[in-house]
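# Breakdown of the fold
Now for the letters of each chain:
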Amino acid sequence: MSIILDGKKLSNRLALKLMAKISKLAINPKLVIIQIGNLDRTNVYIKKKKEFAEKIGAKVLHEKYPKNIQIEKVISNILKFNKDRSIHGIIVQLPLPKNFDTTRIIMAIDQRKDVDGLTAKNTRLLFDKKNGFVPATAKGILTLFKNYKIDLTGKKITMVGQSSLVGRPIALALLNEGATVTVCHTHTRNLKEETKRADIIVVAAGHPGLITKNHVSSGQIVIDVGITLKNGKVVGDVDYEKVSKIVKAITPVPGGVGPMTVFSLFENLVKAYLLNSSNL
Ligand code: NAD
């Protein structure tokens, strides 16, 4: 059996350190979460973020708007939050309903409060390997590797998925750590070939069971980012039962990357707090 990379346990342990850090701040860091519509998936993500915030002593202002809200109203509220000194971070819970221009909304966020690391400035900083806000999922995966003492320098990593929100930032973050990264997507001709020759496979496709025992080899590390609600259960993109018998180490779903993502978001919030308070 493989080693389980336990993101839940690790995030609980790291949360204690973050909590201690927050307890020394003058006021509680505050995050605004903007939600448009009422998707089950986004409701679940937001619930987890609120629970984590409560645990560590951060505040969350949940702004939930109906899906017929005017985009101008959303943007004017973001501009108001940008100016509000009691607010340290702003995120837009994605995905938004199809009729909304996600980029336009994200770009309204002040980059100093962009704790999801999705504005042009922060994306550019990641691109240039400079210090900005790294998107929470990518940051969470790096923290997981660091804590399990997995060195990425020179490692062959196959990233499955290339979305702007997940796959691409993860690929860039891994590249910045000195890995040799191959990015796969729906047009990749022979996925098995690309995954089998990697030292590490990271999957963020949103397709349960995409990575089977035929896609992996012994000695590999598998990071499953996928989260899909299937028959009321949360499942990843990897056939965990079979793959975990072959590879060296693997993240479970739930309890792997998900909790690390939530932790990293609040780590970014504390960073934003410190950054903004030093600029007052
Ligand atoms: P998306 O649909 O925007 O992108 C999916 C990507 O996977 C695309 O780039 C596509 O080319 C690729 N892909 C899909 N099917 C493929 C196939 N058969 N072969 C090769 N590539 C394929 O989704 P997303 O927003 O990037 O999210 C991906 C998954 O990650 C979802 O399950 C989502 O719920 C999950 N997610 C998890 C976390 C976390 O913290 N664990 C955070 C965000 C998203």
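Keep in mind that this is a model prediction, so the values were computed, not measured.

## What to know about the nonpolar core
Within the largest apolar cluster, 50 residues are counted, with the highest numbers of intra-cluster contacts made by Phe145, Ile170, Ile200, Val202, Ile223, Val225 and Phe266. Counting residues per element, this core draws most heavily on helix α10 (residues 257–278), which supplies 10 residues. Structurally, this core is a two-domain feature, drawing no fewer than three residues from each of domain 1 (29–110) and domain 2 (136–257). Grouped together as the second largest cluster of nonpolar side chains are 21 residues, Ile75, Ile90, Ile106 and Ile109 included.

## Considering the domain arrangement of the chain
Domain annotation of the chain identifies domain 1 (29–110) and domain 2 (136–257). For domain 1 versus domain 2, the separation of C-alpha centres amounts to 28 Å.

## Some remarks on the layout of surface pockets
A volume near 370 Å³ is recorded for the second largest pocket. As for the second largest pocket, its lining consists of 18 residues, of which Lys139, Leu142, Thr143, Lys146 and Glu177 are closest to the centre. Sorting the residues of the lining of the second largest pocket by element identifies α6 (136–147) and α10 as the ones contributing at least two each. Of the residues forming the lining of the second largest pocket, the biggest block, 6 residues, is contributed by α6.

## Regarding the side chain of His88
By the secondary structure assignment, His88 is in the loop between α3 (71–83) and β4 (89–92). Non-local contacts of His88, meaning those with residues more than four positions away in its chain, are made with Ile27, Asn28, Pro29, Lys30, Arg112, Lys113, Leu269, Ala272, Tyr273 and Asn276.

## As for the pairing of strand β5 (residues 156–160)
With 4 of 5 residues buried, β5 is to be regarded as a mostly interior element. A crossover links β5 with its parallel partner strand β6 (residues 180–184), the connecting element being helix α7 (residues 167–176), and its sense is right-handed.

## Some thoughts on the site of the ligand
Neighbouring the ligand are 21 residues, the closest being Gln162, Ser163, Val225, Ile227 and Thr261. Between an oxygen atom of the ligand and a side-chain N or O atom of Ser163, the distance comes to 2.4 Å. Contact between the ligand and Val225: a nitrogen atom at 3.1 Å from a main-chain N or O atom of the residue. Notes on the ligand: free accessible area 860 Å², of which the protein chains cover 76%. Here the shell around the ligand takes 3 residues from α10, the largest share from any one element. Tallied by class, residues from the shell around the ligand come to 9 nonpolar, 11 polar and 1 charged.

## Some remarks on a positive patch on the surface
A cluster of like positive charges, contributed by Arg13, Lys17, Lys146 and Lys149, occupies part of the molecular surface. Within the element layout of this structure, Lys149 appears in the loop between α6 and β5. The class for Lys149 is exposed, based on a relative accessible area of 75%.

## Here's the deal with the UniProt feature "binding site: NADP(+)" (unreviewed entry) in the chain
The UniProt entry lists Gly161, Gln162, Ser163 and Ile227 under the feature "binding site: NADP(+)" (unreviewed entry), expressed in the numbering used here. Tracing the backbone through its elements, the reader meets Gln162 in the loop between β5 and α7. Among residues more than four places away in sequence, those in contact with Gln162 are Gly167, Arg168, Val183, Cys184 and His185. Within polar-contact distance, the side chain of Gln162 engages the side chain of Arg168 at 2.8 Å.

Conventions used here
- Residues numbered from 1 in each chain as written.
- Predicted model: local features only at pLDDT ≥ 70, side-chain atom pairs only at ≥ 80, totals over all residues.
- Heavy atoms only, no water.
- Core = buried A, V, L, I, M, F, W, Y, C linked by side-chain atoms within 4.5 Å.
- Buried < 20%, exposed > 50% of the residue type's maximum accessible area, 1.4 Å probe, protein only.
- Helix = DSSP H or I, 4+ residues; strand = E, 2+ residues; numbered from the N terminus.
- Domains from an automatic or database assignment.
- 1 Å grid on protein atoms, 1.4 Å probe; cavity = no way out; pocket = protein on both sides within 12 Å on 5 of 7 lines; lining within 4 Å.
- Points joined across faces, edges and corners; volume = space filled by probe spheres on them.
- Contact = heavy atoms within 4.5 Å.
- Right-handed = clockwise from strand over helix to strand, strands pointing away.
- Near = heavy atom within 4 Å.
- Polar contact = N/O pair within 3.5 Å; in protein donor to acceptor, adjacent residues only side chain to side chain.
- Areas by Shrake-Rupley, 256 points an atom, 1.4 Å probe, with all protein chains shown as cover.
- Nonpolar A, V, L, I, M, F, W, Y, C, P; charged D, E, K, R; others polar.
- Patch = residues over 30% accessible without salt bridge, like charges linked within 9 Å, V, L, I, M, F, W, Y side chains within 5 Å.
- Salt bridge = Lys/Arg side-chain N within 4 Å of Asp/Glu carboxyl O.
- Lys, Arg positive; Asp, Glu negative; His and termini not counted.
- Charge placed at Lys NZ, Arg CZ, Asp CG, Glu CD.
- UniProt positions renumbered as here; feature names shortened; annotations may be inferred.

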